[in-house]
Amino acid sequence: MKERYDFSAIETKWQKIWEETGLHKVVDNDTTKEKYYCLEMFPYPSGNLHMGHVRNYSIGDVVARVKAMQGYNVLHPMGWDAFGLPAENAAIKHGIHPYQWTRSNIENMRKQLSRLGFSYDWDREVTTCTPDYYRWTQWLFLQFYKNGLAYKKHAAVNWCPGCVTVLANEQVVNGACERCGTSVEKKGLSQWFLKITDYADRLLADIEKLNGWPDKVKIMQENWIGRSEGAEVNFRVDGTDDIITVYTTRPDTIYGVTFMVLAPEHPLVAKLTTGTPYEASVRDFVRRMQNLSEIDRTSTDAEKEGLFTGAHVINPMNGEKIPLFIANYVLMDYGTGAVMGVPAHDQRDFDFATKYSLQIRVVILPEGVPDKYVQLTQAYDAEGVLVNSGPFDGQNNEDAIKNVAAYMEEKGIGKSMVNFRLRDWLISRQRYWGAPIPIIYCSKCGEVAVPEEQLPVHLPTDVEFKPTGKSPLTDCDSFVNTVCPECGGPARRETDTMDTFICSSWYYLRYCSPHDDRNAFTKDNAAYWMPVEQYIGGVEHAILHLLYSRFFTKVLKDQGLVDFDEPFTNLLTQGMVLKDGAKMSKSKGNTVSPEETVAKYGADTARLFILFAAPPERDLEWSDAGVEGAYRFLNRVWRLVYAYIDRLNESPALEEVSEADKETRRLTHYTIKKITDDVNQRFNFNTAISTIMEFVNWLYQYREKNPVRNSSIEAEAVNTLVILLAPFAPHFAEELWHELGYTDSVHKQPWPGYDPAALVQAEVEIVVQLNGKVKSRMTVPADIDKDEMEKFVLEQDKIVELISGKQVVKVIAVPKKLVNIVVK
RNA sequence: GCCGAAGUGGCGGAAUUGGCAGACGCACACGAUUCAAAAUCGUGCGGGAAACCAUGAGGGUUCGAGUCCCUCCUUCGGCACCA
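This one's a predicted model, so the numbers in the text were calculated from it and none came from an experiment. (Residues numbered from 1 in each chain as written. Chains lettered and ligands numbered in written order. Predicted model: local features only at pLDDT ≥ 70, side-chain atom pairs only at ≥ 80, totals over all residues. Heavy atoms only, no water.)

Student: Can you explain the overall build of chain A? Please cite residues and give values.
Tutor: A count of helices and strands for chain A gives 27 helices and 34 strands. Dimensions of chain A along its principal axes, counting C-alpha atoms only, are 110 × 85 × 50 Å. Burial statistics for chain A: of 824 residues in total, 54% are counted as buried. For chain A, contacts bridging at least 24 residues in sequence account for 72% of all contacts bridging at least 6. As displayed, chain A offers around 36500 Å² of accessible surface, 49% of which is attributable to carbon and sulfur atoms. (Helix = DSSP H or I, 4+ residues; strand = E, 2+ residues; numbered from the N terminus. Buried < 20%, exposed > 50% of the residue type's maximum accessible area, 1.4 Å probe, protein only. Contact = heavy atoms within 4.5 Å. Areas by Shrake-Rupley, 256 points an atom, 1.4 Å probe, with all protein chains shown as cover.)

Student: Go over the packing of aromatic side chains with me, naming the residues and quoting the values.
Tutor: Evaluated as defined, the whole model comprises 50 aromatic pairs. Within the aromatic cluster, the residues linked to one another by ring pairs are Phe144, Tyr199, Trp425, Phe501, Tyr548, Phe551 and Phe552. Over the face of the ring belonging to Phe193 we find Lys153, whose NZ or CZ atom lies 4.9 Å from the ring centre. In this structure, Lys187 packs its charged tip against the face of Trp159, placed 3.9 Å from the ring centre. (Phe/Tyr/Trp six-rings, centres within 6.5 Å; stacked < 30°, edge-to-face > 60°. Lys NZ or Arg CZ within 6 Å of the ring centre and 35° of its normal.)

Student: Help me get a handle on helix α20 (residues 624-645), residues and values and all.
Tutor: An α-helix turns once every 3.6 residues. As a result, residues three or four positions apart point the same way. Here α20 is 22 residues long and its end C-alpha atoms lie 32 Å apart, about the 32 Å a rise of 1.5 Å per residue gives. In the stretch just after α20, Arg647 is the one whose phi turns positive, near 50°. (Expected span 1.5 Å × (residues − 1).)

Student: Please set out the protein's contact with RNA strand B residue by residue, giving values where relevant.
Tutor: Around RNA strand B, 55 residues are found, and the nearest of them are Thr298, Lys304, Tyr334, Arg348 and Arg777. Counted by atom, the contact set of RNA strand B within 4 Å of the protein is 67% sugar and phosphate. When residues in the surface near RNA strand B are grouped by element, the largest group, seven residues, is from helix α22 (residues 685-705). Taken together, the residues of the surface near RNA strand B sort by class into 21 nonpolar, 15 polar and 19 charged. (Near = heavy atom within 4 Å. Nonpolar A, V, L, I, M, F, W, Y, C, P; charged D, E, K, R; others polar.)

Student: Describe unusual backbone geometry, listing the residues and the values that go with them.
Tutor: Cis geometry marks the peptide bond from Leu455 to Pro456; its omega dihedral reads 0°. Within the secondary structure layout, Pro456 lies in the loop between β22 (446-449) and α13 (477-480). That bond from Met530 to Pro531 is cis: its omega, -5°, falls within 30 degrees of zero. Although it is not a glycine, Val164 adopts a positive phi angle of roughly 40°. With respect to the helices and strands, the residue Val164 is situated in the loop between β5 (150-160) and β6 (165-167). By relative accessible area, Val164 is classed as buried at 17%. With phi around 50°, Asn174 is a residue other than glycine that occupies positive phi space.

Student: Account for empty space enclosed by the protein, with residues named and values stated.
Tutor: In the structure shown here, the tally under the stated rule is two cavities of 30 Å³ or more. Approximately 220 Å³ is the volume attributed to the largest cavity. Lining the largest cavity we find 19 residues, and of these Leu85, Arg179, Arg429, Asp499 and Thr500 sit closest to its centre. Residues that form the lining of the largest cavity fall into these classes: seven nonpolar, six polar and six charged. Lining the second largest cavity, in full, are Leu640, Leu699, Tyr702, Arg703, Glu714 and Val718. Contributing elements (two or more residues each) for the lining of the second largest cavity: α22 and α23 (711-725). By residue number, the principal contributor to the lining of the second largest cavity is α22, which donates three residues. (1 Å grid on protein atoms, 1.4 Å probe; cavity = no way out; pocket = protein on both sides within 12 Å on 5 of 7 lines; lining within 4 Å. Points joined across faces, edges and corners; volume = space filled by probe spheres on them.)

Student: I'd like a description of the pattern of salt bridges, backed by residues and values.
Tutor: The tally for this structure, following the rule as stated, stands at 43 salt bridges. One salt bridge connects Glu303 with Lys355, and the closest N-O pair in it is separated by 3.2 Å. With a gap of 52 residues between them, Glu303 in the loop between α10 (294-298) and β13 (306-314) and Lys355 in helix α11 (residues 347-355) connect regions that are remote in the sequence. Taking the relative accessible area as the measure of exposure, Lys355 reaches 37% and is therefore partly exposed. For the salt bridge of Lys554 with Glu566, the shortest nitrogen-to-oxygen distance reads 2.8 Å. Placement of the pair is Lys554 in helix α17 (residues 544-558) and Glu566 in the loop between α17 and β27 (568-574), with a sequence separation of 12 residues. Relative accessible area serves as the criterion here: at 0%, Lys554 is assigned to the buried category. Three or more residues are tied together by salt bridges with common partners; here these are Asp206, Lys209, Arg550, Lys554, Asp565 and Glu566. (Salt bridge = Lys/Arg side-chain N within 4 Å of Asp/Glu carboxyl O.)

Student: Lay out the pairing of strand β31 (residues 763-770) in plain terms, naming residues and giving numbers.
Tutor: Residues in a regular strand point their side chains to alternate faces of the sheet. Along β31, six of the eight residues are buried, which leaves the element largely enclosed by surrounding structure. Examined bridge by bridge, β31 and strand β32 (residues 773-781) share eight bridges and lie antiparallel to one another. Note that in β32 the partner of Glu763 across the bridge is Pro781. Taken together, β31 and the strand that follows it, β32, pair antiparallel across an intervening segment of two residues, in which Asn771 is found at a positive phi of about 50°. Here β31 runs beside strand β34 (residues 818-823); their pairing, made up of four bridges, is parallel. Bridging across to β34, Leu770 finds its partner in Ile821. (Pairing = 2+ DSSP bridges.)

Student: I'd like to hear about the sheet that holds strand β19 (residues 425-426), residue by residue, with values.
Tutor: Taken together, the four strands give an open sheet; going across it, the order is β6-β5-β9-β19, and neighbouring strands pair in antiparallel fashion. Looking at which strands have only one partner, the edges of the open sheet turn out to be β6 and β19. Where strand β9 (residues 185-194) and β19 come together, two bridges link them in antiparallel fashion. Of the residues in β19, the one forming a bridge with Leu194 is Trp425.

Student: Give me the packing of α23 against helix α24 (residues 730-739): which residues, what numbers.
Tutor: It is at 8 Å that the axes of α23 and α24 come closest, and there the two elements cross at 150°. Compared by their axis directions, α23 and α24 come out roughly antiparallel. Our pair here, α23 against α24, has a crossing hand that is left-handed. Between α23 and α24, the contacting residues are Asn719, Val722, Ile723 and Leu725 on the first element and Phe732, Ala733, Leu736 and Trp737 on the second. (Axes fitted to C-alpha atoms, helices over the stretch in contact; angles between N-to-C directions. Parallel < 35°, antiparallel > 145°, perpendicular 65-115°, else oblique. Left-handed = near helix turned anticlockwise from the far one by under 90°.)

Student: How would you summarise the confidence of the model for chain A if you had to cite specific residues and measurements?
Tutor: Where the model shows low pLDDT, its predicted coordinates should not be examined in detail. Mean pLDDT over chain A: 92, with 99% of residues reaching 70 or higher. Interface confidence for the predicted complex, given as ipTM, is 0.95, next to a pTM of 0.94. (pLDDT = per-residue confidence, 0-100.)

Student: Quick one: what's the story with the sheet that holds strand β2 (residues 73-75), residue by residue and with numbers?
Tutor: If you walk across this open sheet you meet the four strands as β2-β1-β26-β27, and the pairing is parallel. What marks the edges here is a single partner per strand, and that holds for β2 and β27. Here the strands of the sheet are splayed against their neighbours by 20° on average, with no regard to which way each runs. Sheet analysis places strand β1 (residues 35-40) next to strand β26 (residues 532-538), joined by three bridges and oriented parallel. Within the sheet, the bridge partner assigned to Leu39 lies in β26 and is Tyr535.

Student: Tell me about the side chain of Glu232, and please be specific about residues and values.
Tutor: Tracing the backbone through its elements, the reader meets Glu232 in strand β10 (residues 228-237). Dropping the residues within four chain positions of it, Glu232 is found in contact with Thr245, Val246, Tyr247, Thr336, Ile413, Gly414, Lys415 and Met417.

Student: Account for the state of the cysteines, with residues named and values stated.
Tutor: Per the counting criterion, the structure on display carries zero disulfides. Looking at the unpaired Cys38, the closest cysteine sulfur is the one in Cys512, lying at 13 Å. Given the relative accessible area of 0%, Cys38 is considered buried. Not part of a disulfide, Cys503 finds its nearest cysteine sulfur in Cys129, a span of 9.0 Å. (Disulfide = S-S within 2.5 Å.)

Student: Which residues make up the pairing of β1, and what are the values?
Tutor: Burial analysis of β1 places six of its six residues in the buried class, the great majority of the element. Side chains of β1 alternate between two faces, with Lys35, Tyr37 and Leu39 and Tyr36, Cys38 and Glu40 buried alike. Two elements, β1 and β2, share three bridges in a ladder whose sense is parallel. If you follow Lys35 over to β2, its bridge partner there is Asn73. Taken together, β1, helix α2 (residues 51-69) and β2 constitute a β-α-β crossover, and its handedness is right-handed. (Right-handed = clockwise from strand over helix to strand, strands pointing away.)

Encoded structure:
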């Protein structure tokens, strides 16, 4: 055995051997073992791995390796989320084709991942931008389409002038593009949508099933879906037959309506004002609102602003005639785009009414407050009793919500209604580097789906992809011009491509049968491998990717294509990697290159540090000194095992078992137990590693202070140490394992069990407290009970002295922990 | 504004069910080794002379609180005129 730890030679050697021997090859549908699907979010192939990737994949690799050692049949795949804008932008900038750019990035990143020694089965690699993948993305789109879940409509959509394409609602963060930060505009365009709103209720209800997900993520999804219960109420426009429907969560306040407000984009606005004296001013107002950026438009800080339309509507409950306004604070996107103004009981309406001197009528009072004393300075939105509300006077408002809604339903003036904040998913993009939407437009037959046997609709390679706001495919005649699959006449292809989030909404299924060329995924394989036991990735996908994937899974379940309705049983959201307190980023110049770190210290050191520095879900502060420490630790283990193998300070003893030997055995088994718990139950790799460090520290002492040692106990300790290190430092442990004389891989060893009997200690140290303050420590037999402990402690000279002159009120004894004496 | 998470030495963090606060590592100091240095091995390392005081601040529950409850402060994340 070499005296020095040569990480470079060791890592290269084992990576080669593992590959040659197919150590990480996965066997499908092995019924002799329980399956375990460990998945990490696949990367966008930007060209270089960053520390966030290293962290994500190091965490996943420990899980995959531990589960494999624990006897599971583990699926641990890797692939590439390879469509997307950066490839196009790079292509424009450097004159390379996006395919070339993406391909070479993938090659480079695969090399970097391999260099880190992750246990992927590379035969199952999946790349979303290749025709053998996007063919199935298109096929899935057609399944949605055939079931009425994909449709085209004209709507005011989010437009990012930076990316010159439309965006889904989920991709707009604080009114700006989540990718490039450009302020988003609204544009009226005809676009493709997936009907995720059809699944809003189930996506919400099934959150309850996600016991293995962090609450944080579940709450974020709940809020995003935003279910609210209320009623729709129909108001007739005075003097016309037009009906305006409002949505309200507070039908109990209907008698307090003193005005109504429409969103500026509401379709009735033009109709009601055209030809009236109000027409010009209303048109100006609407135009001004439309020209505001999304941020200014929806900011809560913006002052409420509105305009009278000249029209009135009739309150269907009491026939009252109330003025109709348009205002900035009502959004066309939510509910019906019309709101009944109840200033007494809604703060926004209150602000608006105050500004425009509209009547404020109280219809709900806290119990015991007489009407005449009410002088509102703000809206009252708490519970109370109805007043000024005709037949509903005196009812508790909670009851009145139901009763008023029932009454309206009976009279045909309204109905109970559930509303969601969630909008349908806008999936078309006016960009080149994505999966073409497989639809054909025929002047005779209209919108026609590309027949499944004609898939994939290939992305043409000879395209000018300068961003113009139209899809670059529009100018590619050979792509656009086609024949109608129904009538055979000339037809045109849809030129928009799909949102890349579609590609990543089903990749976990493709990994189950990555080479199937007849199906998106083989049903048997999906049934065997899915759902994913452990999914690991950044919290930035809490809504986007994770919600979309849940949606896809539910649709596939309804089509009978899968037999589960949630894709990810357990989710771990890892924290960011920080440097100097800030997220590593090129623009801040605080990045640390994984490649350089691996070159300097090796993959095992890099991984060990990243796992040791913080628990996975917390942010991690990068520290070069900390990396140095991890490297030092591996060297320390190396020297320990070296000394053991080369019989330095050879121990002559064989059979006898000293106290130190017993303690070594106890610590060996304690270490197994602790690490098993940390890894299985808590994913606390940092404390698992610190336990190994403590064990190593002890073994140094043990050798140093005991020239005579029991050889089988020492052997067990060293073997166990190497096995326990295997998931964290796989090359290092493999090398030592072979130096110990074994010929099989350390990664094929069963995870060690512990002997509970070995953990038992004859004596334990307890603490003696006086009024809860630690005064003394003493060693007692481990198995004595409360009373014996109390008696023993009170007999000790030191304790007698401590409590002399004081009155013992009470003694609390906790076995193996402490005795607390309460004195006066 | 609403929802959520976090706040512990010089630093990263530990304390799993209310029971020894600061495990483990980094940094630092000292000792051994060395001609010397690096590396290594070892010792020390919250504050305080001590009694004691210390887990963002202040209250509370309890024999006992980093952990539970209330009020507040700070930082971070999400949502944000959702009717």
